[in-house]
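# Observations on the three-dimensional arrangement
Below, each chain spelled out in residue letters.
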Amino acid sequence: MKKRRKRLKEGSPEPSELQRLQMVDQHVDKLESDYRKLLRRIEARDRKIRRLENALKRSDTQLEAVAADQALRTRAVRDELAASRAEVATVKRNWSIQADAERAGETVTELRTRLATVTDKYRELTMKYKELMGAAKYAAAERKHLQGIVRQWDSMCKRLNTATGGRPRKEVDKKILAKWKQFRKIVSS
């Protein structure tokens, strides 16, 4: 009986130790699975950040080109409009002076023709000016939309910085955070 009890005492620690090892093994497997899932999520987020960053660069370039072109066209139309107004005023002055001085039918007809031409040109320039103002409003709306993208990109970069503790392992993440830090420095200035 004594030998039997001794065998039971010696045999019982082994199964519980085996069970503990199995539980630890299962826990390690679960942690590895969770780790792989988190890596996939981070990679997906990084791809999204890169896509947004590229879209932001493209839209900034397009916006700058549109804004510069718009500014040039607006300036040119304003100059033409000012010149047309001056010419209309000159024609009106000359018309009244010459009408009083000469009262000649040909002079009046010529001045009326010039006035009609200048008036038509003035209308054309006014229409161009309105078109350019519409384009400027469109560019402003597009800029507002792009600002939303920039805010989203900024938020995602903050998350990346927080998730990596400011020290990412991947080279792409390092570039993204470096660009973000430059952006933050410019914005805070």
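Residues numbered from 1 in each chain as written. Predicted model: local features only at pLDDT ≥ 70, side-chain atom pairs only at ≥ 80, totals over all residues. Heavy atoms only, no water.

Attention now moves to the confidence of the model for the protein chain. Overall, the prediction assigns the protein chain a mean pLDDT of 85, with 89% of residues at 70 or greater. Helix 4 (residues 171–188) holds the highest mean pLDDT among the elements of the protein chain, 89, whereas helix 1 (residues 2–11) holds the lowest, 68. (pLDDT = per-residue confidence, 0-100. Helix = DSSP H or I, 4+ residues; strand = E, 2+ residues; numbered from the N terminus.)

Next up on the list: the environment of Lys170. The residue Lys170 is located in the loop between helix 3 (105–164) and helix 4 in this model. Given a relative accessible area of 39%, Lys170 falls into the partly exposed group. Contacts of Lys170, omitting those with residues within four sequence positions, involve Glu43 and Asp46. (Buried < 20%, exposed > 50% of the residue type's maximum accessible area, 1.4 Å probe, protein only. Contact = heavy atoms within 4.5 Å.)

Another point: the pattern of salt bridges. Applying the stated criterion across every chain yields a total of seven salt bridges. The salt bridge involving Asp34 is made with Lys30; its shortest N-O contact spans 3.2 Å. Here the residue Asp34 and the residue Lys30 both occupy positions in helix 2 (residues 13–101), the gap between them amounting to four residues, near one helical turn. We classify Asp34 as partly exposed; its relative accessible area is 28%. Taking the shortest distance from any N to any O, the salt bridge between Arg123 and Asp120 comes out at 3.4 Å. Residue Arg123 and its partner Asp120 are located together in helix 3, separated by three residues, close to a single helical turn. Residue class for Asp120 comes out partly exposed when judged on its relative accessible area of 42%. (Salt bridge = Lys/Arg side-chain N within 4 Å of Asp/Glu carboxyl O.)

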